[in-house]
Amino acid sequence: MVRARCRDVAVQVTPINCQSGAPLPSFSALVSYARGGTLTEVVNAAAFLPGQVTPGLGSGATPQADAYISRLGVFILFDTLQTVPGFPFKRGVQRLMRDIEVHGDQMTFNGSSQFFDTNGNVLAVACASGTGTRF
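Residues numbered from 1 in each chain as written. Predicted model: local features only at pLDDT ≥ 70, side-chain atom pairs only at ≥ 80, totals over all residues. Heavy atoms only, no water.

*Asks:* Break down the nonpolar core for me, with residues and values.
*Replies:* With 23 residues, the main nonpolar core has V11, Y33, I100 and M107 as its most contacted residues. Counting only elements with at least two residues in this core, the list comes to β1 (8–16), β2 (27–33), β5 (67–76), β6 (92–103), β7 (106–117) and β8 (122–134). Leave out the neighbours within four places in its chain, and M107 touches V9, V11, Y33, I100, E101, V102, G130, T131 and G132. (Core = buried A, V, L, I, M, F, W, Y, C linked by side-chain atoms within 4.5 Å. Buried < 20%, exposed > 50% of the residue type's maximum accessible area, 1.4 Å probe, protein only. Helix = DSSP H or I, 4+ residues; strand = E, 2+ residues; numbered from the N terminus. Contact = heavy atoms within 4.5 Å.)

Written as structure tokens, this is what we have:
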């Protein structure tokens, strides 16, 4: 899996409006792939308030050489205040899925995420693309 070639990866994520394909403000993340296929991700996204989200935890699988699928979850710990501009995140869970291609120390991906409230209701769906570099 990615753990063998891209153990620790600096990632640039570009969220995309799923309906129109228009890019939204990008952000950076650090992803660490461990033996056995688990992963941990920490994001640096201005869309979230400080302390609003936990690190993402997940796993990955290898459907074919140099191609991977990862799934991870993030807890959103509190609602975005109504006075803060941008998307109003609600307390709940974000689930992300990514299709990753690895080329040496570089990777590209396309993905989607769903935002759920504390009762499991879908609040929003987002898409994204991105790149990463092993370090």
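Still more ground to cover, so stick around.
*Asks:* Got a sec to walk through the pairing of β5? Specific residues and values, please.
*Replies:* As paired elements, strand β4 (residues 56–64) and β5 share six bridges and run antiparallel to each other. Bridging from a neighbouring strand, L57 pairs with G73 of β5. As paired elements, β5 and β6 share 10 bridges and run antiparallel to each other. Bridging across to β6, Y68 finds its partner in I100. (Pairing = 2+ DSSP bridges.)

*Asks:* Give me the lowdown on the pattern of salt bridges, citing residues and values where you can.
*Replies:* Counted according to the given criterion, the structure contains two salt bridges. Note that R98 and E41 form a salt bridge whose closest N and O atoms lie 2.7 Å from each other. Placement of R98 in strand β6 and of E41 in strand β3 (residues 38–44) is noted, with a sequence separation of 57 residues between them. The partner of R134 in a salt bridge is D105, and the shortest N-O contact between them spans 3.0 Å. (Salt bridge = Lys/Arg side-chain N within 4 Å of Asp/Glu carboxyl O.)

*Asks:* Give a detailed account of the packing of aromatic side chains, specifying residues and quantitative values.
*Replies:* The description of two aromatic rings rests on the distance between their centres and on the angle between their planes. All chains considered together, the criterion is met by two aromatic pairs. Seen from their ring centres, F89 and F115 are 5.4 Å apart, and the 50° between their planes marks the pair as tilted. With F89 in the loop between β5 and β6 and F115 in strand β7, this residue pair connects regions lying 26 residues apart in the sequence. An identical accessibility class is assigned to F89 and F115; each is buried. Every member of this aromatic cluster is reached through a ring pair, and the members are F48, F89 and F115. When the ring centre of F116 is taken as reference, the NZ or CZ atom of R95 above it lies at 4.6 Å. (Phe/Tyr/Trp six-rings, centres within 6.5 Å; stacked < 30°, edge-to-face > 60°. Lys NZ or Arg CZ within 6 Å of the ring centre and 35° of its normal.)

*Asks:* Report on the environment of G58, specifying residues and quantitative values.
*Replies:* Looking at the element boundaries, G58 is found in strand β4. Sequence separation between G58 and R134 is 76 residues, and the spatial gap between their C-alpha atoms is 18 Å. Dropping the residues within four chain positions of it, G58 is found in contact with G37, T38, L39, R71 and L72.

*Asks:* Could you give an account of a nonpolar patch on the surface, naming the residues involved and the relevant values?
*Replies:* On the surface, F75, L77 and F78 cluster together into a nonpolar patch covering about 280 Å² of accessible area. Note that L77 resides in the loop between β5 and β6. (Patch = residues over 30% accessible without salt bridge, like charges linked within 9 Å, V, L, I, M, F, W, Y side chains within 5 Å. Areas by Shrake-Rupley, 256 points an atom, 1.4 Å probe, with all protein chains shown as cover.)

*Asks:* Give me the confidence of the model for the protein: which residues, what numbers.
*Replies:* Averaged over every residue, the pLDDT of the protein is 90; the share at 70 or more is 93%. Per-element averaging of pLDDT across the protein places helix α1 (residues 2–5) at the bottom with 46 and β7 at the top with 96. Every residue in residues 1–5 scores below 50 in pLDDT, and together they form 21 contacts with partners more than four places removed in sequence or on other chains. (pLDDT = per-residue confidence, 0-100.)

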